Amino acid sequence: MTGIWGIVNVTPDSFSDGGRYLDVERAVAHGLRLRAEGATVLDIGGESTRPGADRVTPEVEQARVIPVIEQLTAAGAPVSIDTLNASTAAAAVRAGARIVNDVSGGLADPEMRAAVAESGADYAIGHWRGFSADMYANAEYRRVAREVAGELKERMGEAAASGIAPSRLIIDPGVGFAKAGQQNWDVLRGLDEIVALGPRVLIGTSRKRFLAETLDQGEPITETRRDLATAVTSALAARSGVWAVRVHDVAATRDALAIAHAWEG
Ligand code: PMM
């Protein structure tokens, strides 16, 4: 079965949560609801990585996420920490997180790989070419999926050289990160090339701009429409053999995956 990572953003500025879960109690309740709906991992983030987002200090980030991780872990939920900062990754693992989700694949913080190696956590590495503010300036490719696979392979080598066993790695082609519009579809169409690299593959399309751009523009692009589009990409990604999908609407994706798996037989 394809796993489902439920997104718990503990930030005041994520485009999709709008600060609704800044409050610790509400973030925990949201996480527990996603777990009940079928999330296999809860992905906790305290700094928005959306294009154009401002960065926050590791101290602010940790003040947001650590209490949430402690409570969700105590409730028995498997937790990952979505962070670019080594100090936050280390603190999150001490608080109970089992996976470090680094969308930069180790490029944003030179201390990250050593911190993950030391922590014993699994390490999800994303394809990335720079911070949010200027990521689109780097969206130049000749063959998108091939280049993304090549760069992920470099990140895998660096992780291994830092003492992180390949069995601890999860790779993610970074949909929306330094990729504009059509380039995201090129990545998804080429998912086989990412799966062929070997490690477990995670994919995050949830509510992203390239989906909205693809939908009929005649009516407002609501969250509901973005979630339906996300459920469809989840089902199609499952057929390409991805290990897990990272989504906001866990219930919709759970149903979409059940249908996709029934089709597979
Ligand atoms: N996307 C976002 C944040 N974290 N992590 C992984 N592994 N893959 C992604 O595609 C990814 C991520 C940005 O989305 P959000 O602001 O809706 O959380």
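Up top you'll find the structure we're talking about.
My aim in this report is to walk through the structure given alongside it, one point at a time. (Residues numbered from 1 in each chain as written. Predicted model: local features only at pLDDT ≥ 70, side-chain atom pairs only at ≥ 80, totals over all residues. Heavy atoms only, no water.)

### A short note on the site of the ligand
Logical step 1: Around the ligand there are 15 residues in total, and D82, N101, D172, K208 and R246 lie nearest to it.
Logical step 2: Here G204 contributes a backbone N or O atom positioned 3.4 Å from an oxygen atom of the ligand.
Logical step 3: Contact distances for the ligand include 3.3 Å between an oxygen atom and a side-chain N or O atom of H248.
Logical step 4: For the ligand, whose free accessible area comes to 420 Å², the fraction covered by protein is 96%.
Logical step 5: In the shell around the ligand, the residues fall into 4 nonpolar, 7 polar and 4 charged. (Near = heavy atom within 4 Å. Polar contact = N/O pair within 3.5 Å; in protein donor to acceptor, adjacent residues only side chain to side chain. Areas by Shrake-Rupley, 256 points an atom, 1.4 Å probe, with all protein chains shown as cover. Nonpolar A, V, L, I, M, F, W, Y, C, P; charged D, E, K, R; others polar.)

### Points about the packing of aromatic side chains
Logical step 1: On inspection of all chains with the given rule, the structure shows 3 aromatic pairs.
Logical step 2: Here the aromatic rings of W5 and W243 are separated by 6.2 Å at their centres, their planes lie at 80°, and the arrangement is edge-to-face. Placement of the pair is W5 in strand β1 (residues 3-9) and W243 in the loop between α9 (223-239) and β8 (244-247), with a sequence separation of 238 residues.
Logical step 3: In this structure W5 comes out as buried when scored by relative accessible area, which is 0%.
Logical step 4: Looking at W243, the relative accessible area reads 28%, which means it is partly exposed.
Logical step 5: On the basis of an interplanar angle of 90° and a centroid distance of 4.9 Å, the ring pair of W128 and F131 is categorised as edge-to-face.
Logical step 6: Residue W128 is classed as buried on the basis of its relative accessible area of 8%. (Phe/Tyr/Trp six-rings, centres within 6.5 Å; stacked < 30°, edge-to-face > 60°. Helix = DSSP H or I, 4+ residues; strand = E, 2+ residues; numbered from the N terminus. Buried < 20%, exposed > 50% of the residue type's maximum accessible area, 1.4 Å probe, protein only.)

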